[in-house]
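# Summary of structural features
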Amino acid sequence: MPIPSIVTKEFQENVTPFEVLAILKEGNQRFLKNEKIERDFDKQRENLKSAQHPIAIILGCIDSRVPSELIFDLGLGDVFNVRVAGNILNDDVLGSLEFACKVVGAKLIVVMGHTDCGAIKAACNGVRMEHITSIMEKIDPVIESINRKEFQTEETFVEKVTHKNTVRVKAEITQKSITLREMQSQGEIQIVNAVYCVESGIVTFDEI
């Protein structure tokens, strides 16, 4: 399903969570092939000046190499973005997810980690520093759940932690939010997790 040049309220209301996921996957394929859609950003700004109807919200890391609109070939007003080191979950992030879905009408939540993640590496190395500590402590349970000795290299261990962190955050969203849990059970939204490869540009989604 192609995404319209301007996402309207009607499109947002009628698109399904699985169609939104397909839109993101198709956009990533265009990104990989360098076949990006030509967009009139002046027109988009004009049409979006009084309202927005994003179809998804992406919880990603702050990494400068992972801009969601680019890697999914999207335009202005298409998706919400929440970016925090290590794509961790806290009350403010959870409230943002609830706002995006329940109040504004987004249909899909994507928890997206990425390879070569500095926050994940720091957590694996036991970094503790002022406010960074609170982020590291949210990743620690994932690290502790994995047998480090099973991995031949530190790189493969970090990759495992990166993926499992997205799995954990995805599960925490519905564990901690009654609103989002009910919306998902009623088929109003879907929640998926994924990992972006900074080297290849490929986004790999876990199957729902």
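Below, the structure is looked at part by part.

## Section: the side chain of N87
One can find N87 in the loop between β2 (79-83) and α5 (91-104). A residue is classified by how much of its surface remains accessible, and N87, at 2% relative accessible area, is buried.

## Examining the packing of α5 against helix α9 (residues 178-185)
Interaxial distance between α5 and α9 falls to 9 Å at its minimum, and their mutual angle equals 40°. The orientation of α5 relative to α9 falls into the category oblique. Considering how the two elements wind past one another, α5 and α9 form a crossing that is left-handed. Contact residues: L94, L97, E98, C101 and K102 in α5; T179, L180 and M183 in α9. Residues of the contact of α5 with α9, tallied by class, amount to five nonpolar, one polar and two charged.

## Description of the sheet that holds strand β4 (residues 190-196)
Strand order in the open sheet formed by five strands is β2-β1-β3-β4-β5, with mixed pairing between adjacent strands. At either end of the open sheet lies a strand with only one pairing partner, and these are β2 and β5 (203-205). Strand-to-strand twist across the sheet, computed as the mean angle between neighbouring axes with direction ignored, equals 25°. Of the pairings in the sheet, the one linking strand β3 (residues 108-114) to β4 comprises seven bridges and is parallel in character. Bridging from a neighbouring strand, L108 pairs with Q190 of β4. The sheet contacts of helix α2 (residues 17-33) involve β1 (56-60), β3, β4 and β5, and relative to β3 the element is tilted by about 35°.

Reading the values: the criteria
Residues numbered from 1 in each chain as written. Predicted model: local features only at pLDDT ≥ 70, side-chain atom pairs only at ≥ 80, totals over all residues. Heavy atoms only, no water. Helix = DSSP H or I, 4+ residues; strand = E, 2+ residues; numbered from the N terminus. Buried < 20%, exposed > 50% of the residue type's maximum accessible area, 1.4 Å probe, protein only. Axes fitted to C-alpha atoms, helices over the stretch in contact; angles between N-to-C directions. Parallel < 35°, antiparallel > 145°, perpendicular 65-115°, else oblique. Left-handed = near helix turned anticlockwise from the far one by under 90°. Contact = heavy atoms within 4.5 Å. Nonpolar A, V, L, I, M, F, W, Y, C, P; charged D, E, K, R; others polar. Pairing = 2+ DSSP bridges.

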